[in-house]
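Descriptive structure summary
One letter stands for each residue in the lines below.
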Amino acid sequence: MSTATASPRAAFDAALLERIIASSSLPSWASDVRRAAFDRFVSLGLPGRRDESWMRTDVRLFKPQAWGPSAAPTSPTVPEGLLAPAILSGDLAADSYADFDRAQAPFASQHAAAGSAAAPGAGGKLAGRLASVDGHVVRHELDPALAAKGVVFGPADELLASHADALRPHWFRVIDTGCDWFAAAHAAFHSASSVLYVPPGVRIADPLHVIAGMSDGGVDTSHVLVVLGEGAEATVLTETAGGGATGTAGGFHCGGTEIVVGKGAFLRMVNLQNWNTGVWHFARQKAVVQASGRLQWTLGALGSRLSQVAQDVALAGRGASAQVNGVMFTEGRQHLVYNTLQHHEAPSCTSDLLYKGALQGKSRLVWRGMIKVDKAAQKTDGYQRNDNLMLSTEARADSIPGLEIEADDVRCTHGATSGRVDAEQIFYARARGLSAEEAARLVVAGFFQQVFDRITIPQVREALAKAIGGRIHRIA
Amino acid sequence: MPSAAEQLVIKGLHVSVEGQEILKGVDLTIGRGEVHALMGPNGSGKSTLGYAIMGHPSYEVTAGSIEIVDPSGARHDVLAMEPDQRARAGLFLAFQRPMSIPGVRLADFLRHAVTNCRNPDRKEGQELMPMREFRNELKAKMAELSMDTEFARRYVNDGFSGGEMKRAEILQLAMLRPKFAVLDETDSGLDADAVRLASESIARIGGAEMGILIITHHEQLLEHNIPLQTHVMLGGRIVESGGPELARELHKLGYERIRAAYPDAAAAEKAMEESAKAAAV
Ligand SMILES: Nc1ncnc2c1ncn2[C@@H]1O[C@H](COP(=O)(O)OP(=O)(O)OP(=O)(O)O)[C@@H](O)[C@H]1O
Ligand SMILES: [Mg+2]
């Protein structure tokens, strides 16, 4: 059965694919998705620098043959994500002056707006959670009251067959699984994948939490599919954490996220990437927002050795809106690359992207953004902006905004800045008694405030601020 | 009586910026509870003195000393302290041009500042002053200064008008209650009513506890803060000291008499102007 070819990818091969299919309880149509992706996978090589999306990503040191999935989790312990302390203890840090009589933010939950509940997740309550390690789900649960309302949440292995009507139309159909080697590898070999389906009209007040962990040298190929029916509402917090640090075996994440926001639905989606600094991170992520649907999508990235992330939003129905937030902090020799797409397919949609990055050490951050407006998408309002703060002279940031507009009645703008921390700001703060480190942290926190102000989930804001604060060195 | 109070003692202070000597031997002693005025033409070195007292890294002290001498006679070497240690030791500088820190709320900034200045040994990460207590105190102080509490939610000096910046500096002075404060042109940018209010406020904040050095080109700020001494700086030196009448004279008549009386300092002023011009080219 083994196909002993000259292929250097000993682990991710046809034999493995068949083993996965034989041992999994996914329906046959889902196995067909794997096989189709595998066919594409074997025809592709690693992306090269001639590819526009990869030209600023150096994957020469990534050795595909070095990686293969583990038969069982090396350790059942799930690495602690950034949100763990806040979620477990439920301590909402209402410690900022701003939190007193805070005004209602535009992307706040309708629940909160209606005054029926506090901010989602207040008190650390979760609607559901799922954790995996090295590509194996180790625990999952969903509030039974939500299950009774028809909410589906848990491992794809258990749920895909029984909820094919709701999930099959979207399963690996949102992202392009053929676009490159990593996307195809993910679609063929994904494991520990999870699904969330919220039926029309169901609003989930508390967040759902999905964490994918890895041990040193581990592999994670987990997939997340989120589908919100018409008028549904949910908050999904996904995290990745663990793996090895620089100089160890490291780790390999080859993941994908698919999101469908139904008509008039509202989703707050958060992806926090906090791998250790030896991990290779490749992720294809795409959301489709239907008419009058709203999406607030926040990416936070602090970890990994090298990241290459595609974050696409398609505004597919009239009046859809998406707010995209990015918070990146890099240090050492980390190299993070983001390709974002705001694709306006329908008229009268709004998209607003704000990525902010702070760079320390010799790290490098690349953002390449595109707003694409189809001919049909009149009255588009599109915005993209990337601000970077350089905390060292050796760090490097590239911002490459782009517009591709075919409609004539649109408003599309973009902006990018790159700046340094001003020594005079630090002195001013020190003259008021703040230590050099405290001053640096405050200035950097201030830099991120604009994007934090947009994130309407206090735990996420606080966790990111705290994690970033903890990594900032003294700025001379 | 004055000898019993804690003093800020500056002796023979020489300060250079980028290798260029700006202060050429400054002597000044300020006791707590005293108000001193410092006047002098543009570029004479007044702000430089303020920065040197606060420890700005660009201002290199090449000779002389700055010490806090407490009533027991114990001397604390200010020059050995980092800027934040100086603030925690009770020194304060109201900046001629305050820096903005976008994204950082004035209230949050001040809460860090107040906590540190009241617990000089606080390490970062240790508890801040309790929010409720801080907020009540801040509200009370803002009311005394006729400031809208909404102001504290704005980002530090970000988009503030000239007058708002100066009022924010006075608010910080009020919250931090230092032992010694240098107010560098805290009256500039304020309208006539605001200057009067500032003058009253500073007098109230200072009380009998604070030693204040008021750097000014005017005399209104001195209305409620009668200086024990008025000092005139020229060419990087304090060339003359007198009473409140000296401030009035300089404000009305300018520095002609001073330049004529101190030709060496006037020559130094010329030389400084020239080298500043040369540096700009
Ligand atoms: N950071 C600096 N870099 C270069 N030159 C400086 C710097 N700071 C001060 N100087 C120079 O030192 C001299 C004194 O400046 P300073 O600001 O102390 O004057 P001042 O008395 O406060 O003047 P003003 O009344 O205009 O505020 C000026 O010639 C100025 O150009
Ligand atoms: Mg000055």
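Within every chain, residues take consecutive numbers counted from 1 along the sequence as written. Written order decides the labels, with chains lettered from A and ligands numbered from 1. Given that the model is predicted, a residue must reach a pLDDT of at least 70 before its local features are reported, and side-chain atom pairs must reach 80 or more before they are shown or counted; all residues, however, enter totals for whole chains, interfaces and linings. By convention in this description, side-chain values take in all heavy atoms of the structure and omit both hydrogens and water.

Moving on, we get to the overall build of chain B. Under the DSSP-based scheme used, a helix requires at least four consecutive residues in state H or I and a strand at least two consecutive residues in state E, with every element numbered from the N terminus. The helix and strand tally for chain B stands at nine helices and twelve strands. Our radius of gyration looks at C-alpha atoms and nothing else; its globule reference is 2.2 Å times the residue count to the power 0.38. At 19 Å, chain B has a C-alpha radius of gyration in line with the 19 Å of a compact globule built from 281 residues. With the C-alpha coordinates of chain B rotated into their principal frame, the extents come out at 60 × 50 × 40 Å. With 281 residues in all, chain B has 55% of them scored as buried. Restricting to contacts in chain B with at least 6 residues of sequence separation, those with at least 24 account for 69%. Categorising residues by exposure relies on relative accessible area from a 1.4 Å probe, with only protein chains included: less than 20% of the type maximum marks a residue as buried, more than 50% marks it as exposed, and the intermediate range marks it as partly exposed. Only heavy atoms enter the contact rule, under which two residues are in contact if any of them lie within 4.5 Å.

Right, let's talk about the coordination of the magnesium ion (ligand 2) for a bit. For the magnesium ion (ligand 2), the full set of protein donor atoms is B:S47 (OG) and B:Q96 (OE1), and the range of their distances to it is 2.0 to 2.1 Å. Of this pair, B:S47 sits in helix α1 (residues 46-54) while B:Q96 sits in the loop between β6 (91-94) and β7 (101-105); the two residues are 49 residues apart in sequence, bridging distant segments of the chain. Water is absent from the atoms considered, so a metal site may look incomplete; donors are defined as N, O and S atoms within 2.8 Å of the metal, or 3.2 Å for Na, K and Ca.

Between chain A and chain B, the contact holds 29 residues from the first and 44 residues from the second. Between chain A and chain B, the buried area comes to about 3,100 Å², and carbon and sulfur atoms account for 57% of it. One side-chain nitrogen of Lys or Arg within 4 Å of one carboxyl oxygen of Asp or Glu is enough to make a salt bridge. Put simply, chain A and chain B have five salt bridges between them. A salt bridge links A:R430 to B:E82, with the shortest nitrogen-to-oxygen separation between them at 2.7 Å. Pairing of N or O atoms within 3.5 Å defines a polar contact, subject to two protein rules: one partner must be a possible hydrogen donor and the other a possible acceptor, and residues neighboring in sequence count only if both atoms are side-chain atoms. Summed over the shared surface of chain A and chain B, the result is 15 residue pairs in polar contact (both at pLDDT 80 or more). Secondary structure elements with two or more residues in the side of chain A that touches chain B: α9 (423-430) and α10 (436-452) of chain A. Counting residues per element, the side of chain A that touches chain B draws most heavily on α10(A), at eight residues. What gets called buried area is simply the loss in accessible area from a 1.4 Å probe that two parts show on being joined, summed for both.

As a further point, take the sheet that holds β6(B). Residues and elements named next belong to chain B. On the basis of which strands lie adjacent, the open sheet formed by six strands has the order β6-β9-β10-β3-β11-β12 and mixed pairing. Edge positions in the sheet fall to β6 and β12 (237-242), since each of these pairs with one other strand and no more. Averaged over all pairs of adjacent strands, the angle between their axes in this sheet comes to 20 degrees, without regard to strand direction. Between any two strands, at least two bridges found by DSSP are needed for them to pair. Where β6 meets strand β9 (residues 180-184), four bridges bridge the pair, whose relative direction is parallel. Paired with A94 across the two strands is L183, which belongs to β9. In this description, a line fitted to the C-alpha atoms serves as the axis of each element, helices being fitted only across the stretch in contact, and the angle between N-to-C directions of two axes falls anywhere from 0 to 180 degrees.

To continue, consider unusual backbone geometry. Residues and elements named next belong to chain A. One non-glycine residue, F172, adopts positive backbone phi at about 60 degrees. Looking at where F172 falls in the secondary structure, it is placed in the loop between α7 (164-167) and α8 (181-189). The exposure class assigned to F172 is buried, which follows from its relative accessible area of 6%. Non-glycine residue S304 carries a positive phi angle of around 80 degrees. Structurally, S304 can be placed in the loop between β12 (294-301) and β13 (306-315). Exposure remark for S304: the relative accessible area of 0% places this residue in the buried category.

Another point: the site of ligand 1. Residue and element names in this part refer to chain B. Whether a residue is near a molecule or strand depends on its heavy atoms: if one lies within 4 Å, it is near. Among the 14 residues in the neighbourhood of ligand 1, the closest are listed as G43, K46, S47, T48 and Y59. Measuring from an oxygen atom of ligand 1, one finds a side-chain N or O atom of N42 at 3.0 Å. Considered on its own, ligand 1 offers 630 Å² of accessible surface; in the complex 70% of this is hidden by protein. Ranked by residue count, the leading element in the shell around ligand 1 is α1, at three residues. Residue polarity is assigned by list, with Asp, Glu, Lys and Arg as charged and Ala, Val, Leu, Ile, Met, Phe, Trp, Tyr, Cys and Pro as nonpolar; anything else, Gly included, falls into the polar class. Of the residues in the shell around ligand 1, the class split is four nonpolar, eight polar and two charged. The Shrake-Rupley method, run with a 1.4 Å probe sphere, supplies the accessible areas, and residue values consider only the shown protein chains as cover.

Enumeration according to the criterion identifies 35 salt bridges over all chains in this entry. The closest approach of N and O atoms between A:D387 and A:K356, which form a salt bridge, is 3.6 Å. Here A:D387, found in strand β18 (residues 380-390), pairs with A:K356, found in strand β16 (residues 350-359); they are 31 residues apart in sequence, far enough to count as distant. Here the two residues A:D387 and A:K356 agree in accessibility, since each one is buried. Two residues, B:E67 and B:R75, come together in a salt bridge whose shortest N-O distance is 2.9 Å. Since its relative accessible area comes to 17%, B:E67 is described here as buried. The partly exposed category is assigned to B:R75, whose relative accessible area is 47%.

Glancing now at the side chain of B:D187. Residues and elements named next belong to chain B. For D187, the location among the structural elements is in the loop between β9 and α6 (192-206). Just so you know, the count uses Lys and Arg for positive and Asp and Glu for negative, and it drops His and the chain ends. Of the side chains with opposite charge, K166 comes closest to the buried, unpaired D187, at an N-O distance of 6.3 Å. Side chain to side chain, D187 and T216 meet in a polar contact 2.5 Å long.

Our focus in this paragraph is the environment of B:G254. Residue and element names in this part refer to chain B. Within the secondary structure, G254 is located in the loop between α7 (244-253) and α8 (256-261). The class for G254 is partly exposed, based on a relative accessible area of 22%. Between the alpha carbons of G254 and H217 there is a distance of 9.7 Å; along the sequence they are 37 residues apart.

This part takes up α7(B). Think of an α-helix as turning once every 3.6 residues; residues three or four places apart then point the same way. All names here are of chain B. Taken residue by residue, α7 has L246, A247 and L250 as its buried positions. Buried residues along α7 cover an arc of 100 degrees about the axis, so they all sit on one side. Away from the buried face of α7 by more than 90 degrees, exposed residues K252 and L253 are located. For α7, the secondary structure elements touched by its buried residues are β3 (35-39), β11 (229-234), β12 and α8. Positive backbone phi, approximately 80 degrees, marks G254, located one or two places after α7. To be clear, the arc concerns the directions from the helix axis to the C-beta atoms.

Now for the domain arrangement of chain B. By a frequent convention, interface size equals the accessible area lost on bringing the separate parts together. All names here are of chain B. By the assigned domains, chain B splits into domain 1 (7-97 + 178-280) and domain 2 (99-159). Once you take the C-alpha centre of each, domain 1 and domain 2 turn out to be 26 Å apart. At the interface, six residues of domain 1 touch ten residues of domain 2. Summed over both sides, the interface between domain 1 and domain 2 buries roughly 650 Å², with carbon and sulfur atoms accounting for 49% of that surface. When the area that domain 1 buries against domain 2 is broken down by residue, the three leading residues are R88, L197 and R204, summing to 69%. The shortest N-O distance in the salt bridge between R204 and E144 comes to 3.5 Å. Our count for the domain 1 to domain 2 interface comes out at three residue pairs in polar contact (both at pLDDT 80 or more). Domain ranges listed in this record stem from an automatic or a database domain assignment.

Glancing now at the pairing of strand β10 (residues 266-275) of chain A. Residues and elements named next belong to chain A. Counting buried positions over the ten residues of β10 gives ten, a clear majority of the element. Side chains F266, R268, V270, L272 and N274 project from β10 onto one buried face, and the interleaved L267, M269, N271, Q273 and W275 project onto a second face that is buried too. Sheet analysis places strand β8 (residues 233-242) next to β10, joined by ten bridges and oriented parallel. Bridge pairing in β10 links A234 to L267. Pairing of β10 with β12 involves eight bridges; the strand directions are parallel.

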